[in-house]
Amino acid sequence: MRGPISWKGVSLMLATVGGLLAYYEYEREKRATAIQPVVSIGRASLGGEFALVDSDGQPFGSADLLGRYALIYFGFTHCPDICPAELKKMEESLAAYHSRMPGDGARIQPVFISIDPRRDTSARLKDYQKQWSPSFKFLTGTTDQIRDIARKYRVYYSAPDEDGDDDYLVDHSIFFYLLDKRGEVVDYLGKNMTAPEVTARLVKFAQADNSARK
Ligand code: NI
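Throughout this description, residue numbers start from 1 for each chain and increase along the sequence as written. This being a predicted model, a pLDDT of at least 70 is required before a residue's local features are given, and a value of 80 or more before pairs of side-chain atoms are given or counted; all residues contribute to the totals for chains, interfaces and linings. Side-chain figures throughout are based on the complete set of non-hydrogen atoms in the structure, without hydrogens or water.

Regarding the environment of Tyr188
Stated formally: Strands are runs of DSSP state E lasting at least two residues, helices are runs of H or I lasting at least four, and both sets are numbered from the N terminus onward.
Along the chain, the position of Tyr188 falls in strand S7 (residues 185–190). Taking the C-alpha atoms as reference points, Tyr188 and Leu46, separated by 142 residues in sequence, lie 9.9 Å from one another.

Below is the structure:
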C-alpha cells in the first residue's frame, strides 16, 4: 500500500533514533572509561584550584573543601543512565565507608560537578539534588569555569552545538576523584569498579592517611 508516512511509522522511527542516541552515549561513555588517563598521581599533575557556584548560586571553590576529604564526580543532570548509576554507586560506597570510618575526621564530602553548564543552572541542580543524599554538594559554573576545571582534572566532555536546541546528550569521561585534606587528587576510580571495591579503596586510603598523620 502506498501513501503518506503513517504517524505510527514516524513515532517508531523517532523511538529508534532515541534508542540509537542513548546507545551512542552509552558506548561513548564506556569507551571514555576504557581510556585511563596516563598520569602519575602526584603534585600538580592532576586537579587544582577551582571556583564554581553551588545549587544556591553561592560561590563554592576548592578552598571550601580544604580540611576534609572529597570525592568528585563530573557529569550532567540530563544523563539518562550512566550518571544516575554512578551517583548511586557513590552513595552506596560512601554509606558503607562512613559506617566503617565513623569519625568526623574521616568524613568524605561527595561532590557532583556539571560538565553541562548550559542546562545545569543552580536552580536545575537544586531540583536534581532532591533525589540524592543531602550530603552531596552540586556545583556548576560558567562555560569558562567548567572548561578550566575539566582541563585541570583531564575530564573529557563534548560541548553541544551552540545553535542547536536544548535536547542533547553529553559524552564525558567517568571517574571518581579522591581528594585529600589539602585538596590534592590522591586517587581516581573508574566506572568498572563496584561500590564495595570503591569502599575498600577509600577505607585503605583513609587508614593510611590517618596513620601518616600520627
Ligand atoms: Ni553521564
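The rest of the description comes next.
Some details on the coordination of the nickel ion
Under the convention used in this document: Water is not part of the atom set, so a site may look incomplete; the donors themselves are N, O and S atoms within 2.8 Å of the metal, or 3.2 Å for Na, K and Ca.
Bound to the nickel ion on the protein side are Cys79 (SG), Cys83 (SG) and His172 (NE2), at distances that span 2.1 to 2.4 Å. Between the donor residues of the nickel ion, the gaps in sequence give the motif C-x3-C-x88-H. Of the two residues, Cys79 is situated in the loop between strand S3 (69–75) and helix H2 (82–100) and His172 in the loop between helix H4 (143–152) and strand S6 (175–179); the sequence distance between them amounts to 93 residues.

As for the nonpolar core
Which entries qualify depends on this criterion: Among the buried residues, those of types Ala, Val, Leu, Ile, Met, Phe, Trp, Tyr and Cys that are joined through side-chain atoms within 4.5 Å form a nonpolar core. Under the scheme applied here, a residue whose accessible area is under 20% of the maximum for its type counts as buried, over 50% as exposed, and between as partly exposed, the area being computed with a 1.4 Å probe on protein chains only. We call two residues in contact when some of their heavy atoms are within 4.5 Å.
Grouped together as the largest cluster of nonpolar side chains are 54 residues, with contacts concentrated most on Ile72, Tyr153 and Tyr177. Among residues more than four places away in sequence, those in contact with Tyr177 are Leu46, Ala70, Leu71, Ile72, Phe74, Tyr153, Arg154, Val155, Val185, Asp187 and Tyr188.

With respect to a negative patch on the surface
The test is simple: Here a patch means residues that are over 30% exposed by relative accessible area and free of salt bridges, tied together within 9 Å if like-charged and within 5 Å if nonpolar (Val, Leu, Ile, Met, Phe, Trp, Tyr). Here the Shrake-Rupley method, with its probe set to 1.4 Å, supplies the accessible areas, and only the displayed protein chains count as covering residues. Whenever Lys or Arg places a side-chain nitrogen within 4 Å of a carboxyl oxygen from Asp or Glu, that contact is recorded as a salt bridge. This count recognises Lys and Arg as positive and Asp and Glu as negative, with His and chain-terminal groups excluded. Charged side chains are reduced to one point each, which is NZ for Lys, CZ for Arg, CG for Asp and CD for Glu.
A cluster of like negative charges, contributed by Asp161, Glu162, Asp163, Asp165 and Asp167, occupies part of the molecular surface. Mapped onto the elements, Asp167 comes out in the loop between H4 and S6. Among the residues examined, Asp167 registers a relative accessible area of 67% and is labelled exposed.

Describing the confidence of the model for the protein chain
Stated formally: pLDDT measures the predictor's confidence residue by residue and takes values from 0 up to 100.
Per-residue confidence for the protein chain gives a mean pLDDT of 86, with 79% of residues at or over 70. Here residues 19–27 scores under 50 on pLDDT; set against residues more than four positions off or in separate chains, the count is 13 contacts. A low-confidence stretch, residues 30–40 stays under pLDDT 50, and its non-local contacts, those more than four residues away or across chains, total 17 contacts.

Some thoughts on the pairing of strand S1 (residues 51–54)
This is how it is decided: Any two strands between which DSSP finds at least two bridges are classified as paired.
By the bridge criterion, three bridges tie S1 to strand S2 (residues 59–61) in an arrangement that is antiparallel. When the bridges of S2 are listed, Ala51 appears paired with Gly61. Between S1 and the antiparallel strand that follows it, S2, lie four residues; Gly57 among them carries a positive phi value of about 80 degrees. With two bridges connecting them, S1 and strand S5 (residues 137–140) associate as antiparallel partners. Bridging from a neighbouring strand, Val53 pairs with Thr140 of S5.

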